[in-house]
Amino acid sequence: DAQLVFTIADQVAVAIENARLFKAEREQRELAEALEKAAAAVGSTLDPDQVLDRILEQVERVVVGDAFNVMLIEDTNARLVRWRGYEHLGVEEQIARSTVSIAKYPNLVKMVQSGEPVVVPDTDTDPNWVSLEGQEWRRSYVAAPIRVKGLTVGFLNVVGTHPGQCGSADARRLEAFASHAASAIENARLYEAEQRRRQEAE
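Residues numbered from 1 in each chain as written. Predicted model: local features only at pLDDT ≥ 70, side-chain atom pairs only at ≥ 80, totals over all residues. Heavy atoms only, no water.

1. Quick word on the sheet that holds strand β3 (residues 99–101)
Two modes of strand pairing occur in sheets, parallel and antiparallel, and in both the strands are linked by backbone hydrogen bonds. Here we have six strands laid out as an open sheet, ordered β3-β2-β1-β6-β5-β4, and antiparallel in their pairing. The sheet is open, and its two edges are formed by β3 and β4 (118–120), each paired on a single side. With strand direction ignored, the average angle separating the axes of adjacent strands in the sheet is 25°. Sheet contacts for helix α5 (residues 106–114): β1 (67–74), β3, β4, β5 (140–148) and β6 (151–160); angle to β5, the most-contacted strand, approximately 35°. (Pairing = 2+ DSSP bridges. Helix = DSSP H or I, 4+ residues; strand = E, 2+ residues; numbered from the N terminus. Axes fitted to C-alpha atoms, helices over the stretch in contact; angles between N-to-C directions. Contact = heavy atoms within 4.5 Å.)

Structural data, given as structure tokens:
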């Protein structure tokens, strides 16, 4: 009987490990596909809004969250320019095109200064989290800075309605998508600068 128990236990352990490996392989494949589509979006158009929308679509596929957005830095503020998921939460009008002072949000300041992503598994216990009236639904958060030529020009943010939704693996994934967002923003700015130069030369 003891031998039978050991044999069954070994088989169960193998099955669990195989399931874990299969899940990891599937997640890695989904991430690769999402990044490939994001890269294709960058190369398909110079319209940054279109590219950022497609990037957010792919982020939603591979990062667990309820609301997704891109904020761009304008002087000392960060303005929300593209978003997904907020309509399901009934707060789209509240957040659409909203602008915040970066200095008032320690996590944004940290990303600007360090160039590193931020993970907040539970907003209720994070000392740097700024709680806003009407946005108590934000219970977890992960973000990556969007950097162009070493400077942070924006943020790629994911917000969850439950604590524990976000982790370090999500931060690493967001970094890869933030890199694509940075390329799109840089391409658009270079194109606009070239257009202005041509107009001035005429």
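2. Examining the packing of aromatic side chains
The tally for this structure, following the rule as stated, stands at two aromatic pairs. Measuring from ring centre to ring centre gives 6.1 Å for Y86 and W137, while their planes differ by 80°; the resulting arrangement is edge-to-face. Pair noted here: Y86 is in helix α3 (residues 86–89) and W137 is in the loop between β4 and β5, with a separation of 51 residues, a long-range link. For the pair W129 and Y141, a centre-to-centre distance of 5.2 Å together with 55° between the ring planes defines the contact as tilted. (Phe/Tyr/Trp six-rings, centres within 6.5 Å; stacked < 30°, edge-to-face > 60°.)

3. Structural notes on the environment of F68
Along the chain, the position of F68 falls in strand β1. Sequence-wise, F68 and L56 are 12 residues apart; in three dimensions their C-alpha atoms are separated by 6.7 Å.

4. Structural notes on the nonpolar core
Residues V59, V70, I146, L156 and L174 are the most contacted members of the largest nonpolar core, which totals 27 residues. Elements represented by at least two residues in this core include exactly α2 (48–62), β1, β5, β6 and α6 (168–201). Broken down by element, the residue count for this core peaks at eight residues, all from α6. With near-sequence residues (within four places) excluded, L174 lies in contact with V59, V63, V142, A143, A144, L156 and V158. (Core = buried A, V, L, I, M, F, W, Y, C linked by side-chain atoms within 4.5 Å. Buried < 20%, exposed > 50% of the residue type's maximum accessible area, 1.4 Å probe, protein only.)

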